[in-house]
Amino acid sequence: MATARKTRVAILISGRGSNMVALLEAAQDPAFPAEIVLVVSNRPEAAGLARAAEAGIPTQAIDHKAFADRAGFDAALDAALRGAEVDLVCLAGFMRILTTDFVASWAGRMLNIHPSLLPLFKGTHTHRQALDAGVRLHGCTVHFVVPELDAGPIVAQAAIPVRQDDDPDSLADRVIVQERRLYPAVLALVAGGRARLDGDRVVIADEAPDGVLLSL
């Protein structure tokens, strides 16, 4: 009996790649439905590139400063992804705003993890935003990428309570624990065909494991 082809995944990073490591570790399981075939960074000095290389994953640095505009950078990035025959892209701390054309070309095939319970607190400094708003729950979201920033269809979220003594750093430390659990679980759902886009919503074929859709 032939083995089912795994989904070929590229991870885009700009820094240390903490969520990248969680995805790499998950993909080591022979039963995981995705394989990481490429890690790309827009910053050649990104520590995550070395970590990926140590894990035996092909890496590529595409320095955004070497291009006159975003379109030029995105064209080079697109060429790298297609050259590696990538099926699905995971943004993991990738600090670049992608052009509308690039996002459209990967529609339904690009995921991002954001450190808030979207649609709350888009953009940066999300932990400070959460504390300033006085919310009682905070967390992270994995969503499909659309041209509008942090606005794509949500696949899954994980939540934690906000403590009275929290500051942005302590909140970030607890949220990243959830991010490292959530992203691999969502990648498995999408790569395995259990989560799919239906218009502007995500449909999950069967009940997800405990903690995938909401973890307290």
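Here the residue numbers are simple positions, counted from 1 along each chain's written sequence. pLDDT decides what is reported in this predicted model: residues at 70 or higher carry local features, side-chain atom pairs at 80 or more are listed and counted, and totals for whole chains, interfaces and linings draw on all residues regardless. Excluded from the side-chain calculations are hydrogens and water; all other atoms, namely the structure's heavy atoms, are used.

An unreviewed UniProt entry lists the protein under the name Phosphoribosylglycinamide formyltransferase, with Methylobacterium fujisawaense as the source organism. As stated in UniProt under Catalytic activity (unreviewed entry), the record for the protein gives "N(1)-(5-phospho-beta-D-ribosyl)glycinamide + (6R)-10-formyltetrahydrofolate = N(2)-formyl-N(1)-(5-phospho-beta-D-ribosyl)glycinamide + (6S)-5,6,7,8-tetrahydrofolate + H(+)". UniProt positions are given in the numbering used here, feature names are shortened, and annotations may be inferred rather than shown by experiment.

A. Seen up close, the pairing of strand 1 (residues 7-13). Each residue is placed in one exposure class: buried if its accessible area under a 1.4 Å probe, protein chains only, is under 20% of its type's maximum, exposed if it is over 50%, and partly exposed if it falls in between. Numbering of helices and strands runs from the N terminus, with a helix taken as a DSSP run of H or I at least four residues long and a strand as a DSSP run of E at least two residues long. Most of strand 1 is tucked away, with 6 of its 7 residues classed as buried. We call two strands paired when DSSP finds no fewer than two bridges between them. As paired elements, strand 1 and strand 2 (residues 34-41) share 7 bridges and run parallel to each other. Paired with Arg8 across the bridge in strand 2 is Glu35. In this fold, the crossover linking strand 1 to strand 2 by way of helix 1 (residues 18-27) has right-handed handedness. Sheet analysis places strand 1 next to strand 4 (residues 88-91), joined by 4 bridges and oriented parallel. Along strand 4, the bridge assignment pairs Val9 with Leu88. Handedness of a crossover is defined as follows: orient the strands so they point away from the viewer, and if the path from the first strand over the helix to the second runs clockwise, the crossover is right-handed.

B. Structural view of the sheet that holds strand 4. Spatial ordering of the open sheet is given by 3-2-1-4-5-6-7, a layout of 7 strands whose pairing is mixed. The strands lining the two open edges of the sheet, one partner per strand, are strand 3 (59-61) and strand 7 (154-161). Averaged over all adjacent pairs, the angle separating strand axes in this sheet is 20 degrees, with direction ignored. Alignment of strand 6 (residues 137-144) against strand 7, held across 7 bridges, turns out to be antiparallel. Axes here mean lines fitted to C-alpha atoms, for a helix over just the part in contact, with angles spanning 0 to 180 degrees between N-to-C directions.

C. A look at the nonpolar core. Counting 44 residues, the largest nonpolar core has Ile11, Ile36, Val39, Leu111 and Leu187 as its most contacted members. Here this core takes 9 residues from helix 6 (residues 168-191), the largest share from any one element. Discounting residues that sit within four places of it in the chain, Val39 has contacts with Ile11, Ile13, Met20, Leu49, Ala52, Ile57, Pro58, Thr59 and Gln60. Formed by 21 residues, the second largest nonpolar core is a distinct cluster that contains Val40, Ala80, Val86 and Phe102. Nonpolar cores are built from buried Ala, Val, Leu, Ile, Met, Phe, Trp, Tyr and Cys residues. Side-chain atoms within 4.5 Å join them into one set. Residues count as neighbours in contact if any of their non-hydrogen atoms are within 4.5 Å of one another.

D. Geometry of the UniProt feature "active site" (unreviewed entry) in the protein. The UniProt feature table records "active site" (unreviewed entry) at His114. Relative to the helices and strands, His114 is located in strand 5 (residues 110-114). His114 sits in the buried class, given a relative accessible area of 4%. Other than its neighbours up to four places away in sequence, His114 contacts Phe121, Lys122, Gly123, Thr126, Gly139, Cys140, Thr141, His143 and Asp150.

E. Representation of the packing of helix 1 against helix 2 (residues 47-54). Direction vectors running N to C along helix 1 and helix 2 enclose 15 degrees, while the axes themselves pass 10 Å from each other. One element, helix 1, and the other, helix 2, form an angle in the roughly parallel class. Taken as a pair, helix 1 and helix 2 cross one another with a handedness that is right-handed. Side by side, helix 1 and helix 2 meet where Met20, Val21 and Leu24 of the first sit next to Gly48, Arg51 and Ala52 of the second. Only Asp, Glu, Lys and Arg are considered charged, only Ala, Val, Leu, Ile, Met, Phe, Trp, Tyr, Cys and Pro nonpolar, and every remaining residue, Gly among them, polar. Considering only residue class, the contact of helix 1 with helix 2 consists of 4 nonpolar, 1 polar and 1 charged. Note on terminology: angles under 35 degrees are roughly parallel, angles over 145 are roughly antiparallel, angles of 65 to 115 are roughly perpendicular, and the others are oblique. Take the far helix as the reference: if the near one is turned anticlockwise from it by less than a right angle, the crossing is left-handed, and if turned clockwise, right-handed.

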